[in-house]
Amino acid sequence: MKIIFKTERLIIRELNLNDAENLFRLDSDPEVLKYIDEEPPKSVEGIREGLPFAIRQYEEHGYNRWAIELIEDSSFIGWTGFRLITKERNGYINFPDLGYRLMKPYWGKGYATESALASIRYGFEVLDFETIYAEADINNLGSHKVLLKCGMQLDGSFDDEGYKVNWYSLKKAVWLGAQDS
Ligand SMILES: CC(C)(COP(=O)(O)OP(=O)(O)OC[C@H]1O[C@@H](n2cnc3c(N)ncnc32)[C@H](O)[C@@H]1OP(=O)(O)O)[C@@H](O)C(=O)NCCC(=O)NCCS
């Protein structure tokens with residue numbers, strides 16, 4: 001298990017092949033996918049087959065989404081971190097997208113904010129990003145609040161095949177300034 005970093009309550013680690021069942025449980029909850037344009041997974045096997053591609057990104061780009069575990073009891077509660085977006089999105093291409101997805105029993109406890117704040121720090125300090133981007137369905141109030149709490153700036157919205165999506169960004173210089181104040 002490769003640990004990326006720890007926060008007060010969380011371990012952020014690389015995903016591995018043993019996470020197939022965790023990811024299946026996460027994405028099988030319709031409420032988790034409510035604001036996400038993805039079909040629920042058909043099988044654990046299907047997820048396991050896709051994992052090697054996701055895991056290779058750690059070596060190829062230095063990052064990809066990471067698993068979140070509770071320090072308290074090692075339970076898998078979801079994922080956070082960055083994905084390199086290589087297809088044009090709202091006029092941008094080849095940028096780190098911040099994302100997170102938690103299992104419902106763990107919502108409302110500050111875990112998304114705690115893991116996203118630490119991911120942003122890691123993104124600027126270790127991965128040396130210039131700008132971090134994120135997006136969320138305009139109705140996804142929980143995600144909107146997490147991003148604002150992390151200091152991300154709302155830069156308007158765009159149309160994604162009929163869905164209105166908010167677009168956020170945070171520049172390293174702005175983030176550094178906020179650390180000093
Ligand atoms: C969005 C999500 C990550 C939020 O996780 P969380 O752990 O509940 O977030 P936090 O506990 O850190 O809460 C951050 C803030 O958002 C608020 N919030 C959380 N869910 C909310 C909701 N559905 N409506 C309004 N506010 C909400 C919290 O009250 C908190 O605000 P506060 O500090 O002022 O009280 C979680 O609901 C989730 O995984 N959803 C499914 C996947 C998803 O939508 N991912 C994001 C895609 S863009």
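What this report covers is the structure whose coordinates are included nearby.

What counts and how
Residues numbered from 1 in each chain as written. Predicted model: local features only at pLDDT ≥ 70, side-chain atom pairs only at ≥ 80, totals over all residues. Helix = DSSP H or I, 4+ residues; strand = E, 2+ residues; numbered from the N terminus. Buried ≥ 20, exposed ≤ 12 C-beta atoms within 10 Å, placed from the backbone. Contact = placed C-beta atoms within 7 Å. Near = placed C-beta within 6 Å. Nonpolar A, V, L, I, M, F, W, Y, C, P; charged D, E, K, R; others polar. Core = buried A, V, L, I, M, F, W, Y, C linked by C-beta atoms within 7 Å. Axes fitted to C-alpha atoms, helices over the stretch in contact; angles between N-to-C directions. Parallel < 35°, antiparallel > 145°, perpendicular 65-115°, else oblique. Left-handed = near helix turned anticlockwise from the far one by under 90°. Arc of directions from axis to C-beta. Pairing = 2+ DSSP bridges.

A few points about the overall build of the protein
Part 1 of the argument: Of the regular secondary structure elements, the protein holds five helices and eight strands.
Part 2 of the argument: Listed by position from the N terminus, the elements making up the protein come as β-β-α-α-β-β-β-α-β-α-β-β-α.
Part 3 of the argument: Taking all 181 residues of the protein together, 30% fall into the buried category.
Part 4 of the argument: Summarising the internal contacts of the protein: among those between residues at least 6 apart in sequence, 57% fall at separations of at least 24.

Looking at the site of the ligand
Part 1 of the argument: Neighbouring the ligand are 21 residues; Trp107, Ala112, Thr113, Gly142 and Lys145 lie closest to it.
Part 2 of the argument: In terms of residue count, helix H4 (residues 141-149) provides more of the shell around the ligand than any other element does, six residues in total.
Part 3 of the argument: Here the shell around the ligand is built from residues that sort into 11 nonpolar, six polar and four charged.

Remarks on unusual backbone geometry
Part 1 of the argument: Of note, serine 74 is a non-glycine position whose phi angle comes to about 65°, a positive value.
Part 2 of the argument: In this structure, serine 74 sits in the loop between strand S3 (65-70) and strand S4 (76-85).
Part 3 of the argument: Exposure remark for serine 74: the 9 C-beta atoms within 10 Å place this residue in the exposed category.

Structural notes on the nonpolar core
Part 1 of the argument: Membership of the largest hydrophobic core comes to 33 residues, with the highest contact counts inside it found for Ile68, Ala116, Ile120, Ile132, Ala134 and Leu147.
Part 2 of the argument: Going through the elements one at a time, strand S2 (10-14), S3, S4, strand S5 (95-102), helix H3 (111-125), strand S6 (131-137), H4 and strand S8 (163-171) are the ones with two or more residues in this core.
Part 3 of the argument: Counting residues per element, this core draws most heavily on H3, at six residues.
Part 4 of the argument: Discounting chain neighbours no more than four positions away, the residues touching leucine 147 are Ala134, Ala136, Met152 and Tyr168.

A few points about the packing of helix H1 (residues 20-27) against helix H2 (residues 44-61)
Part 1 of the argument: Where H1 contacts H2, the axes come no closer than 9 Å and their chain directions differ by 120°. As judged from the angle between their axes, H1 and H2 are oblique. Crossing angle aside, the handedness with which H1 passes H2 is right-handed. Residue-level contacts link Ala20, Glu21, Leu23 and Phe24 of H1 to Val44, Ile47, Arg48 and Leu51 of H2.
Part 2 of the argument: Considered class by class, the residues forming the contact of H1 with H2 number six nonpolar, no polar and two charged.

Quick notes on H4
Part 1 of the argument: All of the buried residues in H4 are Ser143, Val146 and Leu147. In a view along the axis of H4, the buried residues occupy a sector of 95°, so they form one face of it.
Part 2 of the argument: Where H4 is buried, its residues meet H3, S6 and S8.
Part 3 of the argument: Remark: glycine 151 follows H4 within two positions and exhibits a positive phi of approximately 90°.

Concerning the pairing of S6
Part 1 of the argument: Counting buried positions along S6 gives five out of seven residues, so the element sits mostly inside the fold.
Part 2 of the argument: Pairing analysis gives seven bridges linking S6 to S8, with the strands arranged antiparallel. Paired with isoleucine 132 across the strands is leucine 170, a residue of S8.

So, the environment of glutamate 14
Part 1 of the argument: Tracing the backbone through its elements, the reader meets glutamate 14 in strand S2.
Part 2 of the argument: The class for glutamate 14 is partly exposed, based on 18 C-beta atoms found within 10 Å.
Part 3 of the argument: Leave out the neighbours within four places in its chain, and glutamate 14 touches Lys2, Ile4, Tyr58 and Trp66.

A look at the environment of phenylalanine 53
Part 1 of the argument: Tracing the sequence through the fold places phenylalanine 53 in helix H2.
Part 2 of the argument: Taking C-alpha positions, phenylalanine 53 is 31 Å from leucine 154, a pair spaced 101 residues apart along the chain.

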